[in-house]
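Structural overview
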Amino acid sequence: MDQIIVAIRSRHVLLHFGSEHRDSSDKKHRDKDKERLKLKDGSSDKQKDKHKEKKKEERVGRVLCFSHIGTILSELSPLADSSSFDLFGDMVQINNVLVLALCGAILVACVGMLVYILPSLCFFMPFRWEEERYTDGVKWKFLEHKGPVFAPPYDPLPSNVKFYYDGKHMKLSSTAEEVATFFAKMLDHEYTTKEVFRKNFYKDWRKEMTSEEKSKITDLNKCDFSEMSEYFKAQSEARKAMTKEDKQKIKEENERILQEYGFCIMDNHKERIANFRIEPPGLFRGRGDHPKMGMLKRRIRSEDIIVNCSKDSKHPKPPPGTKWKEVRHDNKVTWLVSWTENIQGSIKYIMLNPSSRIKGEKDWQKYETARRLKKCVERIRAQYRDDWKSKEMRIRQRAVALYFIDKLALRAGNEKEEGETADTVGCCSLRVEHLTLHQEMGGQEYVVEFDFLGKDSIRYYNKVPVEKRVFKNLQLFMEDKEPEDDLFDRLNTSILNKHLQELMDGLTAKVFRTYNASITLQQQLNEITNSEDNVPAKILSYNRANRAVAILCNHQRAPPKTFEKSMQNLQTKIDAKKEQLADAKRELKSAKADAKVRRDEKSKKAVESKKKAVQRIEEQLMKLEVQATDREENKQIALGTSKLNYLDPRISIAWCKKFGIQIEKIYNKTQREKFAWAIDMAGKDFQF
DNA sequence: TGCGGCACTTAGTACACGGTGA
DNA sequence: TCACCGTGTACTAAGTGCCGCA
């Protein structure tokens, strides 16, 4: 924890440094920017069109784009399974046109599809994220899917697994028993020791009891779920100990379900669905001090489900004897299935995978908006600095909040319903109690100390030196207020976003986070990558740049349970390697001495081979040490979130191309699928 | 302007799975 | 072959932001 606090504390240093560098980096790329700026503000579509044209030209020259054939094939054929995606994904890396064409042809024949149209499709069909977009909010013209997969029905406990109340065996009704098993499954978790969790669970459990059970069970503390808990643990062990064949059978069944329900057809493309399984019933696990933790998440039935598909598609069938709540044909939304959950009354959705056209396109758009912000961020900064002096309180508050959002990458901070969720805040919802002002601290003037719980109840702790005007404004905002009062009482996210919208089309508070994350990565990579380094050292640099962003965005994780042990293991390996190196060096020394005496070819060769051995061991040692540094620095920082949601993937891809690093070293298979649009698009010279 | 509903993105955690080394 | 461990994935909670209505 100390480490993360140090890291977070140092964040402002990083940011401050970042903003200085931002300016110099801008200079570096001014020529490129000038070119971009020639396009009038908000002209990203024109840019995209230009890019499209260029891409189309390239494509005709490229003869065939095999990744695309793979997609087309799998999409054209409902018989083609997901492995065909993999096959073609891998093929992209093999530059053997003939082999690929042959494979393509065989597959085409196998699936019995329209062979004669393929060549023209491959030559002229644009990539999926470059296809024409619909207007007026239309998201698709055709959508067909098989509906959701429901949670399996409750399987009652065997008669030898008993529940005890006040030390006596008690047979529960099936409904009450099911809810009891939810609690039993969580018995080892800290949740079940929490007062609120227990209270909510007990209250909801009673609703499921028969009147007889209700009259008997009056105290949760007298309930003994231990036999149930042991039973589930044993089941889990049994699953792990299953034979290979049994495991294989389960795998095959899961694969069959995936093939049947895991894909849909959207506008001639076969797309992977993200979460086609309905959430099973259980106990609600809110994060932080959630007032509703432990409440019963009820089982979702067909009658709760709204299905969305196109009129002219084959509609999904509900399980026999049941019916859907509604079948809708709304092509202005992207979801396939929705239902309302009973805890918060919010709507849950089944949507497409991040690799889908619809998600990829949105992702691309998000980064293009952030890049547009880059062009006008200095103007916006100048304006909010000016607004710190405004005569109007609401404008001053807006300007200070925007400064925090820009400088510290804080979230917007929508208002929340009190008592419905954990008490967490973002920028606009900060309260007086979340800030402490220090006129002077640690040799720095005007320091603001932030301490609050953000999204997911993750603590944000930071001490930031701010400009005098900001400091004075904060003093003014806090004057005559109670700790629990809003810091920005004349501001909310909708006011702020309305203002941002006036400054730049499509600008919201969220865009600043994307912009600052991506620009930080770009700057850090430019700065710390050494072209002379070997691959592991370059990857360490990349991870460090990624880490800088994760710290900026306050992406924390619980240290892995096995962290200390795994570090110890790694250290043991390092020690062993060091010993091995010392041995190898000794052997080299003696071989050299031997060669000096003998002066023959054989002993010279021996020296060479010992030299090589030393070199190899040194490299291995360096690799291990780099791994240890990386792991230690990553202990409480989650890199994944920023990588997936905030960093323009084109920056990373360009970096890989520029420094000869395989993209596989940076992005795993799923990430490469998600960022397929960027892999196609970014050349080695791309700059955010 | 405020509010609630809705759609969608962002987030951390648990656990299954598969690679690796003894 | 087996145990261990790290990585990838599934899951689902918790945010943001827009829209329509009063």
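Preceding this paragraph is the structure being described.
Remember, predicted model here, so these are calculated numbers, not experimental data.

As a further point, take the pattern of salt bridges. If charged atoms from side chains of opposite charge come close, those side chains can pair. For the coordinates displayed, the defined rule picks out 42 salt bridges. The partner of Asp406 in a salt bridge is Arg381, with the nearest N and O atoms 2.7 Å apart. With Asp406 in helix H15 (residues 393-408) and Arg381 in helix H14 (residues 357-387), this residue pair connects regions lying 25 residues apart in the sequence. The exposure classification of Asp406 matches that of Arg381, with both residues buried. Residue Arg431 pairs with Asp423 through a salt bridge whose shortest N-O separation is 2.7 Å. Judged by its relative accessible area of 16%, Arg431 falls in the buried class.

By nearness alone, 26 residues border DNA strand B, and Lys359, Lys455, Arg513, Thr641 and Tyr646 come closest of all. Here the atoms of DNA strand B within 4 Å of the protein split so that 84% fall in sugar or phosphate, with bases taking the remainder. Elements with a contribution of two residues or more to the surface near DNA strand B: strand E12 (347-350), H14, helix H18 (509-528) and helix H22 (640-645). When residues in the surface near DNA strand B are grouped by element, the largest group, three residues, is from H14. Here the surface near DNA strand B is composed, by residue class, of eight nonpolar, six polar and twelve charged.

Close contact between H15 and helix H17 (residues 493-503) brings their axes to 11 Å; oriented N to C, the two are set at 80 degrees. Considering the angle they form, H15 stands roughly perpendicular to H17. Of the residues in H17, those in contact with Arg398, Leu402 and Ile405 of H15 are Leu496, His499 and Leu500.

Moving on to the environment of Leu540. Within the fold, Leu540 resides in helix H19 (residues 535-552). For Leu540, a relative accessible area of 11% corresponds to the buried category. Leu540 sits 35 residues away from Asp505 along the chain, and the two C-alpha atoms are 37 Å apart. Here Leu540 is in contact with Arg547, Val626 and Asp630, once residues within four sequence places are set aside.

A separate point is the protein's contact with DNA strand C. As a structural note, the neighbourhood of DNA strand C is formed by 32 residues, with Arg287, Lys348, Lys510, Ser566 and Thr670 the closest of them. Counting only the atoms of DNA strand C that lie within 4 Å of the protein, the sugar and phosphate share comes to 88%. Within the side chain of Lys348, a nitrogen or oxygen atom sits 2.5 Å from a phosphate oxygen of DNA strand C. Measuring from a phosphate oxygen of DNA strand C, one finds a side-chain N or O atom of Thr424 at 2.8 Å. Where the surface near DNA strand C is concerned, the elements lending two or more residues are H18 and helix H20 (563-598). Top contributing element to the surface near DNA strand C by residue count: H20, with three residues. Partitioned by chemical class, the residues of the surface near DNA strand C number four nonpolar, 14 polar and 14 charged.

Reading the values: the criteria
- Residues numbered from 1 in each chain as written.
- Chains lettered and ligands numbered in written order.
- Predicted model: local features only at pLDDT ≥ 70, side-chain atom pairs only at ≥ 80, totals over all residues.
- Heavy atoms only, no water.
- Salt bridge = Lys/Arg side-chain N within 4 Å of Asp/Glu carboxyl O.
- Helix = DSSP H or I, 4+ residues; strand = E, 2+ residues; numbered from the N terminus.
- Buried < 20%, exposed > 50% of the residue type's maximum accessible area, 1.4 Å probe, protein only.
- Near = heavy atom within 4 Å.
- Nonpolar A, V, L, I, M, F, W, Y, C, P; charged D, E, K, R; others polar.
- Axes fitted to C-alpha atoms, helices over the stretch in contact; angles between N-to-C directions.
- Parallel < 35°, antiparallel > 145°, perpendicular 65-115°, else oblique.
- Contact = heavy atoms within 4.5 Å.
- Polar contact = N/O pair within 3.5 Å; in protein donor to acceptor, adjacent residues only side chain to side chain.

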